[in-house]
Amino acid sequence: EYIPAPEGDMEGPAQVLISTIDYNEYVGRIGIGRINRGTLKTGMMVVKTNKDTGIVSQPLRLTSLYTFDGLKRIPAESASMGDIVAMSGLEDISIGDTVCDPEHVEALPFVSITEPTVTMTFSVNNSPFAGREGEYVTSRHLRARLFKELQTDVSLRVNETASPDAFEVRGRGELHLSILIENMRRQGYEFQVSKPQVLYKEIDGKKCEPIERMVADVPQAYAGAVIEKIGRRRGTLESMHGVNRVRLEFLVPSRGLFGYRSEFMTDTRGEGVMSAVFDHYEPYKGDIPHRSVGALVSTETGEAVMYGLFYAQDRGTLFCGPNTAVYTGMIVGQNARQGDIDVNVCRQKHLTSIRNAAGAETAMKLTSMRTLTLEECLEFIDDDELLEITPKSLRMRKRVLETELRKKLAAKKRAEANS
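Residues numbered from 1 in each chain as written. Predicted model: local features only at pLDDT ≥ 70, side-chain atom pairs only at ≥ 80, totals over all residues. Heavy atoms only, no water.

A.B. asks: How would you sum up the overall build of the protein chain? Please name residues and give values.
C.D. replies: When its secondary structure is counted, the protein chain shows seven helices and 28 strands. Dimensions of the protein chain, computed from C-alpha atoms along their principal axes, come out at roughly 95 × 55 × 50 Å. Considering the protein chain as a whole, with its 419 residues, one finds that 43% of them fall into the buried category. Of the accessible surface of the protein chain, which amounts to about 22800 Å², a share of 49% is contributed by carbon and sulfur atoms. Computed over 53 positive and 58 negative side-chain charges, the separation of the two mean positions in the protein chain equals 7 Å. (Helix = DSSP H or I, 4+ residues; strand = E, 2+ residues; numbered from the N terminus. Buried < 20%, exposed > 50% of the residue type's maximum accessible area, 1.4 Å probe, protein only. Areas by Shrake-Rupley, 256 points an atom, 1.4 Å probe, with all protein chains shown as cover. Lys, Arg positive; Asp, Glu negative; His and termini not counted. Charge placed at Lys NZ, Arg CZ, Asp CG, Glu CD.)

A.B. asks: Provide a residue-level description of helix α1 (residues 139-149), including the pertinent values.
C.D. replies: Here α1 has its buried residues at Leu 142, Arg 145, Leu 146 and Glu 149. The buried residues of α1 occupy one face: seen down the axis, they fall within an arc of 95°. The secondary structure elements touched by the buried residues of α1 are β11 (118-123), β12 (157-160), β13 (166-171), α2 (174-186) and β14 (191-193). (Arc of directions from axis to C-beta. Contact = heavy atoms within 4.5 Å.)

A.B. asks: Which residues make up the pattern of salt bridges, and what values do they have?
C.D. replies: All told, the structure shown has 28 salt bridges when counted by the stated rule. When the shortest N-O distance is used, the salt bridge between Arg 186 and Glu 182 registers 3.0 Å. Residue Arg 186 and its partner Glu 182 are both found in helix α2; the two are separated by four residues, about one turn of the helix. Across the pair Asp 267 and Lys 229 runs a salt bridge whose closest N-O atoms are separated by 2.9 Å. One end of the pair, Asp 267, is in helix α4 (residues 260-267); the other, Lys 229, is in helix α3 (residues 223-232), and 38 residues separate them in sequence. (Salt bridge = Lys/Arg side-chain N within 4 Å of Asp/Glu carboxyl O.)

A.B. asks: Provide a residue-level description of the side chain of Arg 145, including the pertinent values.
C.D. replies: Within the secondary structure, Arg 145 sits in helix α1. The class for Arg 145 is buried, based on a relative accessible area of 8%.

A.B. asks: Pulling in residues and values, what's your account of the sheet that holds strand β7 (residues 72-75)?
C.D. replies: On the basis of which strands lie adjacent, the open sheet formed by eight strands has the order β5-β4-β10-β1-β2-β9-β6-β7 and antiparallel pairing. Since the sheet does not close on itself, it has two edges, and those belong to β5 (60-61) and β7, each with one partner. (Pairing = 2+ DSSP bridges.)

A.B. asks: Which residues make up the packing of aromatic side chains, and what values do they have?
C.D. replies: One pass over the structure, following the stated rule, counts nine aromatic pairs. A ring pair is formed by Phe 278 and Tyr 281, whose centres lie 5.4 Å apart and whose planes are at 65°; its orientation type is edge-to-face. Between Phe 319 and Phe 380 the ring centres are 5.3 Å apart and the planes differ by 90°, which places this aromatic pair in the edge-to-face class. With Phe 319 in the loop between β23 (316-318) and β24 (325-326) and Phe 380 in helix α6 (residues 374-380), this residue pair connects regions lying 61 residues apart in the sequence. Phe 380 carries the same exposure label as Phe 319, and that label is buried. Each residue in the set Tyr 307, Phe 310 and Tyr 311 is aromatic and connected to the rest through ring pairs, giving one cluster. (Phe/Tyr/Trp six-rings, centres within 6.5 Å; stacked < 30°, edge-to-face > 60°.)

A.B. asks: Explain the environment of Glu 300 to me, and be specific about the residues and the numbers.
C.D. replies: In this structure, Glu 300 sits in the loop between β21 (295-298) and β22 (302-303). Separated by 28 residues in the primary sequence, Glu 300 and Thr 328 have C-alpha atoms spaced 4.8 Å apart. Not counting the four nearest positions on each side in its chain, Glu 300 is found in contact with Val 326, Tyr 327, Thr 328, Asn 344 and Cys 346.

A.B. asks: Explain the nonpolar core to me, and be specific about the residues and the numbers.
C.D. replies: Of all hydrophobic cores here, the largest spans 31 residues; its most connected members are Phe 122, Leu 146, Ile 181, Phe 191, Val 193, Leu 387 and Met 396. Contributions of two or more residues to this core are made by β11, α1, β13, α2, β14, β21, α6 and β27 (385-389). Setting aside anything within four residues of it in sequence, one finds Leu 387 in contact with Phe 191, Gln 192, Val 193, Leu 374, Cys 377, Leu 378, Ile 381, Leu 394, Arg 395 and Met 396. In terms of nonpolar packing, the next biggest core, distinct from the first, is built from 18 residues, Ile 18, Met 44, Leu 62 and Val 85 among them. (Core = buried A, V, L, I, M, F, W, Y, C linked by side-chain atoms within 4.5 Å.)

A.B. asks: I'd like to hear about the side chain of Glu 174, residue by residue, with values.
C.D. replies: Along the chain, Glu 174 falls in helix α2. No salt bridge is formed by the buried Glu 174, whose closest oppositely charged neighbour, Arg 261, lies at an N-O distance of 5.8 Å.

A.B. asks: A description of unusual backbone geometry should follow, citing residues and the corresponding values.
C.D. replies: Here the phi dihedral of Arg 234 falls at roughly 70°; this positive angle occurs in a residue that is not glycine. In this structure, Arg 234 sits in the loop between α3 and β18 (236-241).

A.B. asks: Any details on the packing of α3 against α4? Residues and values, ideally.
C.D. replies: At a closest axis distance of 10 Å, the pairing of α3 and α4 adopts a crossing angle of 155°. Here α4 runs roughly antiparallel to α3, going by the angle between their axes. Regarding α3 and α4, the two cross each other, and that crossing is right-handed. Across the interface between the two elements, Ala 225, Val 226, Lys 229 and Ile 230 from α3 touch Tyr 260, Glu 263, Phe 264 and Asp 267 from α4. Per-class residue counts for the contact of α3 with α4 are five nonpolar, no polar and three charged. (Axes fitted to C-alpha atoms, helices over the stretch in contact; angles between N-to-C directions. Parallel < 35°, antiparallel > 145°, perpendicular 65-115°, else oblique. Left-handed = near helix turned anticlockwise from the far one by under 90°. Nonpolar A, V, L, I, M, F, W, Y, C, P; charged D, E, K, R; others polar.)

A.B. asks: Describe a nonpolar patch on the surface, with residues and values.
C.D. replies: On the surface, a cluster of nonpolar side chains totalling about 260 Å² of accessible area is made up of Phe 110, Val 111 and Ile 113. Assignment of secondary structure puts Ile 113 in the loop between β10 (97-100) and β11. (Patch = residues over 30% accessible without salt bridge, like charges linked within 9 Å, V, L, I, M, F, W, Y side chains within 5 Å.)

A.B. asks: An account of the sheet that holds strand β26 (residues 341-343) is requested, with residue identities and associated values reported.
C.D. replies: The strand order across the open sheet formed by four strands is β23-β25-β21-β26, and the pairing between neighbours is mixed. A strand with exactly one partner marks an edge of an open sheet, and here the two such strands are β23 and β26. Direction aside, the axes of adjacent strands within the sheet are offset by 30° on average. Of the pairings in the sheet, the one linking β21 to β26 comprises three bridges and is parallel in character. What sits directly across from Val 297, in β26, is Asp 342.

A.B. asks: Could you give me a rundown of the environment of Glu 103, with the residues and numbers involved?
C.D. replies: The residue Glu 103 is located in the loop between β10 and β11 in this model. Sequence separation of Glu 103 and Thr 367 is 264 residues, and the distance between their C-alpha atoms is 73 Å.

Below you can see the structure in the form of C-alpha cells.
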C-alpha cells in the first residue's frame, strides 16, 4: 500500500547480484542478494560470473534457497524478481558475483571493495592472568577463528607472522577491526592486540597515507567543537550546510580517526551522527598528537584496594576501582604528565596500635576514575603496550611487564637516541 513494488522483468532469465556472504559448517559459503530479474528455483542449474574478471563457472546446482522474514530465513522452493534470497551450492561464491541462467550469462556491475588501510597484530594472551576468563585461548583457536572470518568478510586480510602465536590482521579501519574484536570476545575468545597502525603506500616516490571522507550530522551548537577537533587531527573541512542541524564533510587521515568516535559522541552530547569511508591516498600529512601523557603502571600483582588507589589518584586518572585484579606491568591509570609512573595500587594501610579518628579511612573517595571503552583503549595504548582482551575484561599492559627490565630498556633507548 505504501512502498512501490520493485521494477524489473519478472519473466526474463534469472539474474541476481551477490551483495553479502554468510558461512555454514555444513553447506559452506552462502550467497545473499536481491533477484534482479526472473525467478530462481531450488535445484535449478545456474552459473556464476563476475563483471571485473569475466570468468564464467561451470553450471552449478542450487541446493537450497531461502527468503527472509525479519531476521529469520525461511526455506523456499522458488523466489522471484525483487526478493532478497540466500542460496547455497555455489562453490567459492563471493561478493560482486552474478548468479544467472546458463543460457543468458550477463554480469551486473558492483561497487569495488576497497583495500585494507589499517593493520593490527592479534596474538595469544601471555599475561599473568592468561586463561582465567576465556574459553578459547590457544594459537590454534585464534588462528581458526581469524581464518573463519575470511569466509564472510571479503575486505579482511589475515597473514601469518614469524611467531606461531601472532597474526597480522588488516581491515578497512579501526571500526572494522574493533567490531571483529568485540564479536570474538563475546564468543569466548581471549587474546591480545597491538596498537592500530595505518598501511602506507609509496606513490611516485612519496610516502602516502589513506585519507577518509568523513560526514558528520550535528546540531549547530556543537559544529565548532567538531571542526576544531578534526583540524587537530590533520583533517580539512570540505563542505558545511544546514541550519539547525549542520552536515559537515571532511577529508581526514585514517590515523586521525583512531579513537575519535567516542570523543565525537561526547562533544555532540550523543546527538551527532558520523560515518567515514576510504577516499584516496595523499602524501603523509605529518605527526598527529597521539598521547602527550604517560601511564600509571602497577608494580604489584594482587587486588587493588581503596588505600592504594586513593594515594595513586594524585598522580592522574585511574582506570580501575577497588577489588580489581591487577598484575605487575598492567596499566591502571593515566599520568597527568609525560612519562610513565610506577604505582602500587595494592598497598594496604599499616596496622598500628594507635587508633585513628573514626571514619578516616571510610572518608577516602576516588575522584578521578573512568572506565575506558574498547575504542578508547585502542587509542590510548602506545607502541610499547598491548591490550589484553577477554570475555569479561579489557586490560592495558606493557609489553615488558618486569619493572626493572622495562627501566633498563627505556634507559638504553634514550642513550641510543642521544648518541
